[in-house]
Amino acid sequence: MSKSELRKDKTCLNCRYVVENKFCPNCGQENTDTRKTFVQLFVHFFEDLTHYENSFWKTIRNLMFKPSSLTKEYLSGKRMSYLAPIRLYIFISFVTFFLFSVIPDSPSDETVKVNENQAKPMEQIIVTEADSINKAKDNLEKKKWIADMEKNGYIDKKVADTLQKTIDDKKAPTDGSDYMNFGYRSVEHLDSIQKFGKADEKLNGFEYWVNKKILMVKKGRTQKEVYDKVTESFIHNIPKALFIYMPLFAFVLWLFQDKKRWYYFDHGIFTLHYFSFLLLASLILELFNFFIGLMGDNSIANGFIYIIDAIIVVYMLYYFFPAHHRFYEQSRIKTIIKGILMFFINMIILTFILVGLFFYSFINIH
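Residues numbered from 1 in each chain as written. Predicted model: local features only at pLDDT ≥ 70, side-chain atom pairs only at ≥ 80, totals over all residues. Heavy atoms only, no water.

Visitor: Which residues make up helix H14 (residues 332–363), and what values do they have?
Guide: With 32 residues, H14 should cover 46 Å at 1.5 Å per step; its first-to-last C-alpha distance of 45 Å lies within 8% of that length. Buried residues of H14: Thr335, Lys338, Gly339, Met342, Asn346, Ile353, Leu357, Ser361, Phe362 and Ile363, and no others. If you follow the buried residues of H14, they end up packed against helix H9 (205–218), helix H10 (223–236), helix H11 (238–255) and helix H13 (299–328). (Helix = DSSP H or I, 4+ residues; strand = E, 2+ residues; numbered from the N terminus. Expected span 1.5 Å × (residues − 1). Buried < 20%, exposed > 50% of the residue type's maximum accessible area, 1.4 Å probe, protein only. Contact = heavy atoms within 4.5 Å.)

Pasting the structure below:
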C-alpha cells in the first residue's frame, strides 16, 4: 500500500469530515499528503493498478498455470484476493503493446535487409532502364504511325486524337506508381471523370470514395512506403480490434452454453481472463526471443528458440480446452467438439475483423 505521510490536518479533503486514522470513516479517502515525488507517484500508480503485490503475483500465477481458476473464483465471490478481470486485462494489454512497440527488431534481421539491398545486381537495374527506353521508343513509333495515317487521309483528326490519347494513358510509369492502378492517374483525373465524364464512366458514391482514398494514400509515396505505413497503422490498431472482437468471442460462448445457467456476463469474465492469458503468453514469447537473440546468431541459440517457441505456442492453443472444460464443467468430448466448432466460427469472425482493420488502417494513413 501507499507509504505517503499522513496529513497533520485531521479534516478530510474530500468531504470535510474529521479523520482520526488513516482513512476517512465517512467517504473512505486516504488522509495523506497529496503532493508526491515522481517515485511515489509511480509506486502509487502501480499499487493502484495491481491492488496488492501478493494478489498481483497470485493472479498472474493462476492465470498462467490454472486455466479458468480465476474466473471461477471471481464469479464465486472471492474477488479481493485477485485483480479484477478488467483491471488485469488493461494492465497486461498496456504492458504488452507498449513493449511490443519499443522492443527493436533482431539485429540479424536488419543485417539481412541491408545485405539484400546492397546485393541488388547492376544487371537488374540496367534491364529495368532498358525496358523503360524500349517502351518509350515503341510509343513514339505508334504515334508516328497514327500521324501518317491521319496525313494520308485514312483516319480523321478526331480518331487520331483519340488514339494518341489512348497511348498516353497507357504509358507505364517508371517510378513504381502504377501499383493499385484502377485507371485513374490522380485525384484530379478522378474528379474530372466524375464531373464531366459519360454516365457509364462515373462511379457511385462508395466507389468514388474508395478510389479517391487510394489515390490520396498513393500520392507522393512508393509502394514500399505505403506498405510500411499500412503495417504500422495495422499493428497500432490491433488493441481496437481486440476491443471489438472480445464481446463477439463471449457471444459465441453464450451460443454454445446453457442459457439458464450461464449469463453473458459469465462468458465475458471468462473471455477477459482468456485474452489476458493470450496477451501475456505472447509477451513472454516476444521477450524470450529478444533476450536469446542478444546472444547472437548461432545454431544452439536458434534451436533453443524454436523449441521454446513451439512449447509456448502449443500451450496457447491447448489452454482453451482445459479452461473451457473446468469452467463449464462439461465432458472432455463435448468440450473438444464445441471447441472445434467455436474455433471455426471465430476464425470467420476474426477474418472479417482483420480485413476491416486492414481497410481502416489503409484509409487512415496520413
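What follows continues from the structure just given.
Visitor: Account for the packing of H10 against H14, with residues named and values stated.
Guide: Across the interface, H10 lies against H14 with an axial gap of 8 Å and an inter-helix angle of 120°. Taken together, the axes of H10 and H14 are oblique relative to one another. H10 and H14 meet at a crossing whose hand is right-handed. Contacts from Val226, Val230, Ser233 and Phe234 of H10 reach H14 at Leu354, Leu357, Phe358, Ser361 and Phe362. Partitioning the contact of H10 with H14 into residue classes produces 7 nonpolar, 2 polar and no charged. (Axes fitted to C-alpha atoms, helices over the stretch in contact; angles between N-to-C directions. Parallel < 35°, antiparallel > 145°, perpendicular 65-115°, else oblique. Left-handed = near helix turned anticlockwise from the far one by under 90°. Nonpolar A, V, L, I, M, F, W, Y, C, P; charged D, E, K, R; others polar.)

Visitor: Tell me about the confidence of the model for the protein chain, and please be specific about residues and values.
Guide: On average, residues of the protein chain score 80 in pLDDT, and 78% of them are at 70 or above. Segment residues 110–114: pLDDT under 50, and 2 contacts once partners within four positions in sequence are set aside and those in other chains are kept. (pLDDT = per-residue confidence, 0-100.)

Visitor: Describe in detail the nonpolar core, supporting the description with residues and values.
Guide: Within the largest apolar cluster, 43 residues are counted, with the highest numbers of intra-cluster contacts made by Leu63, Ile92, Phe270, Tyr274, Phe275 and Phe277. Mapped by element, the contributors of at least two residues to this core are helix H2 (53–65), helix H3 (69–75), helix H4 (85–102), H11, helix H12 (264–293), H13 and H14. If you tally residues by element for this core, the top one is H12, at 11 residues. (Core = buried A, V, L, I, M, F, W, Y, C linked by side-chain atoms within 4.5 Å.)

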